[in-house]
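Chains, contacts and geometry: an overview
Residues per chain, in single letters:
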Amino acid sequence: MTTSALRRHPGGSAPDTAGIGRDAIRALYAELALHPKPGLVSPLDSGSHDDMDMATFMRSLFALRGYFRDIATAGAEGADFDVLRGLGIEAERRMLAATGGINTHRGAIFSLGLLAAASGALKHEGQSLAGPALGEAVTRRWGQALVAAGIQARDSDSHGARAIRRYQVRGAREEAAEGFPLVFGTALPALEEVLARTGCLERALVQTLFTLMSVLEDTNLLHRGGTEGLGFVRDGARRFLDAGGVLMPGWRERALALHRDCVARHLSPGGSADLLAATWFVHHQRSGAERT
Ligand SMILES: CC(C)(COP(=O)(O)OP(=O)(O)OC[C@H]1O[C@@H](n2cnc3c(N)ncnc32)[C@H](O[C@H]2O[C@H](COP(=O)(O)OP(=O)(O)OP(=O)(O)O)[C@@H](O)[C@H]2O)[C@@H]1O)[C@@H](O)C(=O)NCCC(=O)NCCS
Ligand SMILES: Nc1ncnc2[nH]cnc12
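Cut-off values and rules
Residues numbered from 1 in each chain as written. Chains lettered and ligands numbered in written order. Predicted model: local features only at pLDDT ≥ 70, side-chain atom pairs only at ≥ 80, totals over all residues. Heavy atoms only, no water. Near = heavy atom within 4 Å. Polar contact = N/O pair within 3.5 Å; in protein donor to acceptor, adjacent residues only side chain to side chain. Areas by Shrake-Rupley, 256 points an atom, 1.4 Å probe, with all protein chains shown as cover. Helix = DSSP H or I, 4+ residues; strand = E, 2+ residues; numbered from the N terminus. Nonpolar A, V, L, I, M, F, W, Y, C, P; charged D, E, K, R; others polar. Expected span 1.5 Å × (residues − 1). Buried < 20%, exposed > 50% of the residue type's maximum accessible area, 1.4 Å probe, protein only. Salt bridge = Lys/Arg side-chain N within 4 Å of Asp/Glu carboxyl O. Phe/Tyr/Trp six-rings, centres within 6.5 Å; stacked < 30°, edge-to-face > 60°. Lys NZ or Arg CZ within 6 Å of the ring centre and 35° of its normal. Axes fitted to C-alpha atoms, helices over the stretch in contact; angles between N-to-C directions. Left-handed = near helix turned anticlockwise from the far one by under 90°. Contact = heavy atoms within 4.5 Å. pLDDT = per-residue confidence, 0-100. Parallel < 35°, antiparallel > 145°, perpendicular 65-115°, else oblique.

**A closer look at the site of ligand 1**
Near ligand 1 there are 34 residues, and of these R106, S158, H159, N220 and D274 occur at the shortest range. E217 is positioned with one of its backbone polar atoms (N or O) 3.0 Å from a nitrogen atom of ligand 1. The side chain of D274 places a nitrogen or oxygen atom 2.5 Å from an oxygen atom of ligand 1. Compared with its free state, where it exposes 1,200 Å², ligand 1 has 91% of that area covered by protein. Of all elements in the fold, only α4 (67-76), α5 (81-99), α6 (106-124), α8 (159-167), α9 (172-177), α12 (219-242) and α14 (270-291) reach the threshold of two or more residues within the shell around ligand 1. Element by element, the count of residues in the shell around ligand 1 is highest for α5, at 6 residues. Among the residues forming the shell around ligand 1, the class breakdown is 12 nonpolar, 14 polar and 8 charged.

Take a look at the structure:
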């Protein structure tokens, strides 16, 4: 559908879905370029990954450049979850083609895709993006379908589904169906506090990543290291934060120490990396809305 057809919503406007798409890619790049990031791929090194590096992720980002724009347009058009799922599966296919079969952004395609769709929907209807509006829009529009998809996927063979079955934890779908409570209730306050106190984006993103790592039931960590691996990362992140986090001198060395420990244990908090990008995206969408 052309954007002119989007103009018909009373009180709304044709949302800049290309701009929403660019913001999503920028959020994923901000996550990728950040370091230190315990166990994760960054310009520093490939973390706990033998099969992917910065170049792999850059190819993945390039392959996804149209997806976030398209799913934002679908949200603006009032698409149901089946339409979003189709776009997501096609995006996963393009990601795998670009990376030679490596799973770089499967979780981000899902989480950031839903938030981009919600942004397109709210902007099309002329509704506020303030506070938890974007998360609430995901729950209101697609929450039931997400819960149903989660029940249906319980028997799938994905790493996440196996971790959910074995350890009885929430996964990406539950986080989304509930409106991303960790993003809105935990990560965004951490990001905005450090931004307000330091004005430093790098430190704000590191603090936010460690905050997510300290609480998230990351199915990647469970898949790779079981409850011991998840506990190791959570405890290490909590110790970093309890020592003052990025607000204390020597924070970078402390963060690098946990990075080295995660690499030694082959642990990678990929779920937290995705939600860090989602947090930056929501912050940017909300501040952008205030600017206009
Ligand atoms: C809902 C889906 C994400 C599928 O989820 P599922 O539960 O089936 O499991 P996975 O396929 O494993 O995907 C889960 C990915 O989600 C991220 N994640 C993990 N825990 C959480 C959490 N608690 N909250 C939110 N997100 C979470 C994480 O993604 C990142 O890590 C991956 C890279 O790490 P790595 O360990 O290398 O991954 P693997 O290759 O699996 O392991 P190795 O072989 O390398 O050891 C990467 O995906 C990051 O993004 C989890 O991996 C969703 O994909 C789905 O349902 N898709 C179907 C289409 C659809 O409905 N789309 C909707 C579009 S809006
Ligand atoms: N930087 C990163 N390294 C490893 N897995 C990730 N998943 C999302 N971002 C990632």
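**Structural notes on helix α2 (residues 17-33)**
Structurally, the α-helix is built with 3.6 residues per turn, so residues lying three or four positions apart point the same way. Spanning 17 residues, α2 covers 24 Å between terminal C-alpha atoms, matching the ideal 24 Å at 1.5 Å per step. The buried fraction of α2 is high, at 12 of 17 residues. When α2 is considered as a whole, its buried residues turn out to be T17, G19, I20, G21, D23, A24, I25, A27, L28, A30, E31 and L32.

**Things to note about the pattern of salt bridges**
Evaluated as defined, the whole model comprises 16 salt bridges. A salt bridge links R252 to E202; its shortest N-O distance comes to 2.9 Å. Residue R252 is found in helix α13 (residues 251-264), and its partner E202 is found in helix α11 (residues 201-215); the two are separated by 50 residues along the sequence. Residue classification places E202 among the partly exposed residues on the basis of a relative accessible area of 29%. In the salt-bridge network here, residues are joined through shared partners; they are E90, R93 and R94.

**Some remarks on unusual backbone geometry**
Across the junction of H35 and P36, the peptide omega takes the value 0 degrees, indicating a cis bond. We note that F180 has phi near 55 degrees; this positive angle belongs to a residue other than glycine. For F180, a relative accessible area of 0% gives the class buried.

**Side note on the site of ligand 2**
Close contacts around ligand 2 come from E31, K37, L40, V41, H49, M52, F57, T104, S268, G270, A273 and D274, and that covers them all. The contact in question runs from a nitrogen atom of ligand 2 to an N or O atom on the side chain of E31, over 2.8 Å. A distance of 2.9 Å is found between a nitrogen atom of ligand 2 and a backbone nitrogen or oxygen belonging to V41. For ligand 2, the accessible surface in isolation is 260 Å², of which the surrounding protein chains cover 96%. Element by element, the count of residues in the shell around ligand 2 is highest for α14, at 3 residues. Classifying every residue of the shell around ligand 2 gives 5 nonpolar, 4 polar and 3 charged.

**A word on helix α10 (residues 181-198)**
Relative to the 26 Å expected for 18 residues at 1.5 Å per residue, α10 spans 25 Å between its end C-alpha atoms, a close match to the ideal helical length. For α10, the complete set of buried residues consists of L182, V183, F184, A187, L188, A190, L191 and V194. Within two residues after α10, G199 carries a phi angle of roughly 65 degrees, on the positive side.

**A look at the packing of aromatic side chains**
Per the stated rule, a full pass over the model turns up 2 aromatic pairs. Sitting over the ring of F62, R65 keeps its end group 3.9 Å from the ring centre.

**As for the packing of helix α3 (residues 54-63) against α5**
One can describe the packing of α3 onto α5 by two numbers: an axis separation of 8 Å at closest approach and a directional angle of 145 degrees. The way α3 lies across α5 gives a crossing that is right-handed. In this structure, α3 uses T56, R59, S60 and A63 to contact α5, whose residues at the interface are R94, M95, A98 and T99. Along the lines of polarity and charge, the residues of the contact of α3 with α5 split into 3 nonpolar, 3 polar and 2 charged.

**Structural notes on the confidence of the model for the chain**
Per-chain confidence: the chain averages 94 in pLDDT, with 94% of residues scoring 70 or above. This complex was scored by the predictor with a pTM of 0.94 and an ipTM of 0.93.

**Brief notes about the side chain of S60**
For S60, the location among the structural elements is in helix α3. Once residues lying within four places of it in the same chain are set aside, the contact partners of S60 are M95, T99, T104 and H105.

**Here's the deal with the packing of α2 against α4**
Relative to each other, α2 and α4 sit at 135 degrees, their axes nearing to 7 Å. Judged by the angle between their axes, α2 and α4 are oblique. Remark: the crossing between α2 and α4 carries right-handed chirality. Where α2 approaches α4, its residues T17, A18, I20, G21, A24, I25 and L28 are matched on the opposing element by F68, R69, A72 and T73.

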